[in-house]
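Below are the chains, spelled out letter by letter.
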Amino acid sequence: MGESTGPVETARPGRRRGAARERLLAAAARRFYADGVAATGIDTITAEAGVAKMSLYNNFSSKADLVMAYLDARHEEWLGLYRQRLEAAHDARGRVLAVFDAYADHAAFAYERGFRGCGLLNAAAELPAGDEGREVVRRHKEEVEDLLARHLDELLPGRPERARATAEHLSFLLEGAMARAGLEGAGTRLERARAMASDLLDRL
């Protein structure tokens, strides 16, 4: 994501600002996930991104604004993995399991200090009650449960209450597995959760 020094880039400063924003967000994502939100200062982020501190404030109004952007970007990253898995799913059952597979894909990334669980929940745990970031994480988690419910509606036509209850069940299974996987630093629990979900779907 380095900036070009060529004439086109020089002539289009807006693109340079965009590149700086992406570098800042990428650096923040690495440091927030590896070290935690509270422990990561602005100076650390700007040094890792290779930009001046003023560049951060030209792109984000505050550290809190940067945290919000990080939370949204991390969820969008997961959605990208989910969409890739969804393309390979051939039926509603496969689409439910695509949600589990996307979580496992996220856990398999080569993190700087190893897998530490869900970056969204890790960040939310550091934020005080009532913080807007916690609300963002809650909405993202609800979106995942809604995706499960949508696929289960296909699997259980005419049984919306059963579909919603099963979606909640699978959501709890998924998040519990993610928490245990984060503690263990490996995706084994997510593989087990997928197998449990598959077994549950076979019994619907």
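The structure presented is a predicted model; accordingly, all values stated were derived computationally and were not measured.

A. Main features of the UniProt feature "domain: HTH tetR-type" (unreviewed entry) in the protein. In this structure's numbering, the residues bearing the UniProt feature "domain: HTH tetR-type" (unreviewed entry) are residues 18-78. Span residues 18-78 is 80% helix and 0% strand, its end C-alpha atoms 22 Å apart.

B. Molecular detail of the nonpolar core. With 57 residues, the main nonpolar core has Phe32, Ile45, Leu66, Leu71, Trp78, Leu170 and Leu190 as its most contacted residues. At the level of elements, helix 2 (13-35), helix 3 (42-49), helix 5 (63-87), helix 6 (92-107), helix 7 (119-126), helix 8 (132-155), helix 9 (160-184) and helix 10 (188-202) are the ones that each hand at least two residues to this core. In this structure Trp78 touches Val99, Ala102, Tyr103, His106, Val144 and Leu147, once residues within four positions along its chain are discounted.

C. A look at the packing of helix 6 against helix 8. Two numbers describe how helix 6 lies on helix 8: the axes approach to 7 Å, and their chain directions differ by 155 degrees. Of the possible angle classes, the one that applies to helix 6 and helix 8 is roughly antiparallel. In this structure, helix 6 contributes Ala92, Arg93, Arg95, Val96, Val99, Phe100 and Tyr103 to the contact, and helix 8 contributes Lys141, Val144, Leu148, His151, Leu152, Glu154 and Leu155. Residue composition of the contact of helix 6 with helix 8, grouped by class: nine nonpolar, one polar and four charged.

About the criteria used
- Residues numbered from 1 in each chain as written.
- Predicted model: local features only at pLDDT ≥ 70, side-chain atom pairs only at ≥ 80, totals over all residues.
- Heavy atoms only, no water.
- UniProt positions renumbered as here; feature names shortened; annotations may be inferred.
- Helix = DSSP H or I, 4+ residues; strand = E, 2+ residues; numbered from the N terminus.
- Core = buried A, V, L, I, M, F, W, Y, C linked by side-chain atoms within 4.5 Å.
- Buried < 20%, exposed > 50% of the residue type's maximum accessible area, 1.4 Å probe, protein only.
- Contact = heavy atoms within 4.5 Å.
- Axes fitted to C-alpha atoms, helices over the stretch in contact; angles between N-to-C directions.
- Parallel < 35°, antiparallel > 145°, perpendicular 65-115°, else oblique.
- Nonpolar A, V, L, I, M, F, W, Y, C, P; charged D, E, K, R; others polar.

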